[in-house]
Amino acid sequence: MEDKNYYTSGQFAKMANVSTRTIRFYDQKGLLKPSRIENGSRLYTDADFARLQQIILLKYLGFSLEEIKNMTIGDSDYHILLNSLELQSRLIEDKLAQMQLVAGAIKETSAAIRSRGEVNWDHMLNLIHLTNMESSLKSQYINASNISARIKLHNLYSNNKEGWFPWIYKQCHIKSDMKVLELGCGNGSLWTSNTTKIPAGADITISDLSNGMLRDAKRNMKTLSASMHFKKIDATNIPYEDNSFDLVIANHMLFYLDLKAKKKNALAEIYRILKPGGKLVCSTYGSNHMKEISDLVTSFDNRIRLSSDKLYENFGLDNGKEILSHFFKKNKIEKKLYDDYLLVDSVEPLIEYILSCHGNQNEYLLDKYSDFKAFVTSKMGTGFKITKESGIFICTK
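Structure report, in brief. Remember, it's a predicted structure, so these values are computed and weren't measured experimentally. (Residues numbered from 1 in each chain as written. Predicted model: local features only at pLDDT ≥ 70, side-chain atom pairs only at ≥ 80, totals over all residues. Heavy atoms only, no water.)

1. Considering the side chain of Glu 182
Part 1 of the reasoning: Residue position: Glu 182 is located in strand E4 (residues 179-183).
Part 2 of the reasoning: Among the residues examined, Glu 182 registers a relative accessible area of 2% and is labelled buried.
Part 3 of the reasoning: Within the structure, Glu 182 has its side chain in polar contact with the side chain of Trp 191 (distance 2.7 Å).
Part 4 of the reasoning: Apart from the residues lying within four places of it in its own chain, the contact partners of Glu 182 are Leu 190, Trp 191, Thr 205, Ile 206, Ser 207 and Ile 249. (Helix = DSSP H or I, 4+ residues; strand = E, 2+ residues; numbered from the N terminus. Buried < 20%, exposed > 50% of the residue type's maximum accessible area, 1.4 Å probe, protein only. Polar contact = N/O pair within 3.5 Å; in protein donor to acceptor, adjacent residues only side chain to side chain. Contact = heavy atoms within 4.5 Å.)

Okay, here's the thing in structure tokens:
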């Protein structure tokens, strides 16, 4: 009890300027468990302040306790903490921008009522839509957090030091007189990883279906000098004329779409907007990609599935050429593999990656985080090797 590293719930609450009741409530909800229980006393450490900070901020920003539970883990590793703080900062920036839009809409609606003596219902609808943006901001925070965790694992532990995004960019052969469209830009990593290589004069449109992702990409790319346009685009209904682009890039996004659809087919749209001789560069992965991670979690709990869908079955390295050949001639389709693997020697980034997946893992791991961390540590040894089976198809119109 006299150990300076530990605080009773009362001491911990006082230092954090919250009530002891709040600490107990978060404990009961499984959000903030004590680091140690001694003689019936619940003891907390300095590291627990980081988790409490995240809980309080996310609650302030409108997340429910259940959402917060699924987004936070009880670990003070600096990788996880730094990533969390960076993402919280982005969320606050987006929240401030949203509030400024709402404030402007309120003033505009009020001014219209004063000047006309009646309500402009279009203004009122706009105000309602802006006020309801909160759910999309929450979704964006979660999506950005997940993307960041997945990219980080590859950046830290890939054997191929060239890097996935520089390799993809090299295959694109972008020149200054080209018109380029990226579909599904995510957080803009393709461009931020190649800032010095983008030729002046290239006409580049960065697009995503998510407004939040576009905001993230634009924020990350604000220092780029190339001519960049940002646009929300549905790949199944691309708003450009036929024969408009020299190059279309679709990095790890086609497998989310129905590429066999007779109507609103993304590949048909891509083919339509490409100029004669224009190219589609699209990436995907194979059935063995990251398989050791799936094996790891199922050996801990065989109920865990990191993904409800096998996306490579929709569009993967094995069937991609056949799918693409419905629009591009087979002799105009080239497959290139990216030679790489991961050798992970740190537990926290690997667990962060696992928790970022689209499956049911959080349902079984968040309440057993300490046990799972010990399990992964026991399997780590001198390094945990993970297969990477990814590559691209280059299709010429």
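2. Some words on the pattern of salt bridges
Part 1 of the reasoning: In the structure shown here, the tally under the stated rule is 14 salt bridges.
Part 2 of the reasoning: Through salt bridges with shared partners, a single network forms among Asp 27, Lys 33 and Arg 42. (Salt bridge = Lys/Arg side-chain N within 4 Å of Asp/Glu carboxyl O.)

3. Digging into unusual backbone geometry
Part 1 of the reasoning: Even without a glycine there, the phi angle at Asn 243 is positive, about 55 degrees.
Part 2 of the reasoning: Residue position: Asn 243 is located in the loop between strand E6 (227-232) and strand E7 (245-250).
Part 3 of the reasoning: Overall, Asn 243 belongs to the partly exposed group, its relative accessible area being 39%.
Part 4 of the reasoning: Located in the positive-phi region is Met 290, a residue other than glycine, with phi close to 60 degrees.
Part 5 of the reasoning: Summarising the element assignment, Met 290 is placed in the loop between strand E8 (274-285) and helix H12 (291-300).

4. Remarks on the side chain of Ser 207
Part 1 of the reasoning: One can find Ser 207 in strand E5 (residues 203-208).
Part 2 of the reasoning: What makes Ser 207 buried here is its relative accessible area of 0%.
Part 3 of the reasoning: Setting aside residues up to four positions removed in sequence, Ser 207 forms contacts with Leu 181, Glu 182, Leu 183, Gly 184, Cys 185, Leu 214, Lys 231 and Ile 233.

5. So, helix H15 (residues 347-355)
Part 1 of the reasoning: Most of H15 is tucked away, with 9 of its 9 residues classed as buried.
Part 2 of the reasoning: Those residues of H15 not exposed but buried are Val 347, Glu 348, Pro 349, Leu 350, Ile 351, Glu 352, Tyr 353, Ile 354 and Leu 355.

6. With respect to the nonpolar core
Among soluble globular proteins, nonpolar side chains are generally buried collectively.
Part 1 of the reasoning: Ranked by internal contacts, the top residues of the largest apolar core, which has 30 residues, are Leu 183, Val 248, Leu 254, Ile 270, Leu 280, Phe 315 and Leu 324.
Part 2 of the reasoning: At the level of elements, E4, E7, helix H11 (266-273), E8, helix H14 (320-324) and strand E12 (390-396) are the ones that each hand at least two residues to this core.
Part 3 of the reasoning: Not counting the four nearest positions on each side in its chain, Leu 254 is found in contact with Leu 259, Leu 267, Ile 270, Cys 282, Asn 314 and Phe 315.
Part 4 of the reasoning: With 28 residues, the next largest nonpolar core counts Phe 165, Leu 247, Ile 249 and Val 281 among its residues. (Core = buried A, V, L, I, M, F, W, Y, C linked by side-chain atoms within 4.5 Å.)

7. So, the pairing of E5
Part 1 of the reasoning: Where burial is concerned, most of E5 is hidden: 5 out of the 6 residues are buried.
Part 2 of the reasoning: Bridging between E4 and E5 involves 4 bridges; their strand directions are parallel. By the bridge assignment for E5, Val 180 is matched with Ile 204. (Pairing = 2+ DSSP bridges.)

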